Amino acid sequence: MMKIIVETERLLLREVDLADAEGFYLMDSDPAVARYVGGKTVESLEKCREVILYVQEQYRLFGIGRWSVLLRETGAFIGWCGMKRMLGTNVNGQSDFIDVGYRFQQRHWGRGYATEAALACLHYGFEKMALPEICAFTDVHNDASRHVLRKIGLSEGEPFDWEEIERCVWYSAQREEWMEKMLRG
């Protein structure tokens, strides 16, 4: 079993494992899930395995990466959430930043899992890793994701264009400001 990184009231976040490939495939082959991330569904289980190996390489290189999200009660894979070092990728004029992201199987939408998992990731990043800043970006039309990013305490920036996503919105939080905001509730 892979290392559990974070536990929340309802979720376990742990390192991804090749055994998660089927869960990844179920999620990423769904057109509704792919809608706001470029619209391309994954075409094979092998592609999911390649993604998992890439994430595992992020752990080795940077000590962070996306984590599998499991229901605490059953251990079932429901999606992923975590931080990714965006190095050499120009997003909104930024080329080296920590991105918090998440993706869940459609049947688990609307239950607060994205908020719970992403908030746990920010606590981990700011409190355990002492990261100075954590950023995120999403499709300007993805109201659910935008709501999550605001709810976890990220500040909204200006819209911008990026790769296959026509319009995105940038979000970010500085460590000290975010921690003060969380203390105030």
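Note that the structure is a prediction, hence the values are computed from the model and not measured.

**Overview of the nonpolar core**
- Leu13, Trp67, Met83 and Leu154 are the most contacted members of the largest nonpolar core, which has 50 residues in total.
- Setting aside chain neighbours within four positions, we find Leu154 in contact with Val100, Leu122, Ile134, Ala136, Leu149, Tyr171, Ser172 and Ala173.
- Phe97, Cys135, Phe160 and Trp170 belong to the second largest nonpolar core, which has nine residues in total.

**Observations regarding the pattern of salt bridges**
- Tallied over the full model, the rule gives 13 salt bridges.
- A salt bridge links Glu116 to Arg10; its shortest N-O distance comes to 2.6 Å. Highlighted residues: Glu116 in helix H4 (residues 113–128) and Arg10 in the loop between strand E1 (4–7) and strand E2 (11–15), separated in sequence by 106 residues.
- In this structure, Arg60 engages Glu57 in a salt bridge whose closest nitrogen and oxygen atoms are separated by 3.1 Å. Placement of the pair is Arg60 and Glu57 together in helix H3 (residues 45–62), with a separation of three residues, close to one helical turn.

**Focus: the packing of H4 against helix H6 (residues 175–184)**
- Packing of H4 against H6 leaves a shortest axis separation of 10 Å and a crossing angle of 125°. Regarding the angle of H4 to H6, the classification is oblique. In the packing of H4 onto H6, the handedness of the crossing is left-handed. For the pair H4 and H6, contact is made by Leu119, Leu122, His123, Phe126 and Glu127 and by Arg175, Trp178, Met179 and Met182, respectively.
- Broken down by class, the residue content of the contact of H4 with H6 amounts to six nonpolar, one polar and two charged.

**Regarding the environment of Phe104**
- For Phe104, the position within the fold is in strand E5 (residues 94–104).
- Of the residues examined, Phe104 reaches a relative accessible area of 5% and is grouped as buried.
- Leaving out residues up to four positions away in the same chain, Phe104 has contacts with Met27, Val33, Val69, Ile78, Gly79, Trp80, Trp109, Tyr113, Ala114 and Ala117.

**So, helix H1 (residues 21–28)**
- Those residues of H1 not exposed but buried are Ala21, Gly23, Phe24, Met27 and Asp28. Down the axis of H1, the smallest arc covering the buried residues is 160°, so these residues share one side.
- The secondary structure elements touched by the buried residues of H1 are helix H2 (31–34), H3, strand E3 (66–71), strand E4 (77–91) and E5.

**Considering the side chain of Ser68**
- Looking at the secondary structure, you find Ser68 in strand E3.
- Those residues in contact with Ser68 that sit more than four places away from it in its chain are Leu12, Leu13, Arg14, Glu15, Val16, Asp20, Phe24, Phe77, Gly79 and Trp80.

**Structural notes on helix H5 (residues 143–151)**
- Along H5, the positions that sit buried rather than exposed are Ser145, Arg146, Val148 and Leu149. In an axial view of H5, the angular spread of the buried residues amounts to 160°, which keeps them on one side of the axis. Opposite its buried face, H5 presents the exposed residues Asp143, Ala144 and Lys151, each directed more than 90 degrees away.
- Looking one or two residues past H5, Gly153 carries a phi angle of roughly 95°, positive in sign.

**Points about the packing of aromatic side chains**
- Inspection of the entire model under this criterion finds seven aromatic pairs.
- Considering the side-chain rings of Trp67 and Tyr124, the 5.3 Å spacing of their centres and the 85° angle between planes classify their relative orientation as edge-to-face. Of this pair, Trp67 sits in strand E3 while Tyr124 sits in helix H4, and the two are 57 residues apart along the sequence. With respect to burial, Trp67 and Tyr124 carry one shared label: buried.

The rules we used
- Residues numbered from 1 in each chain as written.
- Predicted model: local features only at pLDDT ≥ 70, side-chain atom pairs only at ≥ 80, totals over all residues.
- Heavy atoms only, no water.
- Core = buried A, V, L, I, M, F, W, Y, C linked by side-chain atoms within 4.5 Å.
- Buried < 20%, exposed > 50% of the residue type's maximum accessible area, 1.4 Å probe, protein only.
- Contact = heavy atoms within 4.5 Å.
- Salt bridge = Lys/Arg side-chain N within 4 Å of Asp/Glu carboxyl O.
- Helix = DSSP H or I, 4+ residues; strand = E, 2+ residues; numbered from the N terminus.
- Axes fitted to C-alpha atoms, helices over the stretch in contact; angles between N-to-C directions.
- Parallel < 35°, antiparallel > 145°, perpendicular 65-115°, else oblique.
- Left-handed = near helix turned anticlockwise from the far one by under 90°.
- Nonpolar A, V, L, I, M, F, W, Y, C, P; charged D, E, K, R; others polar.
- Arc of directions from axis to C-beta.
- Phe/Tyr/Trp six-rings, centres within 6.5 Å; stacked < 30°, edge-to-face > 60°.

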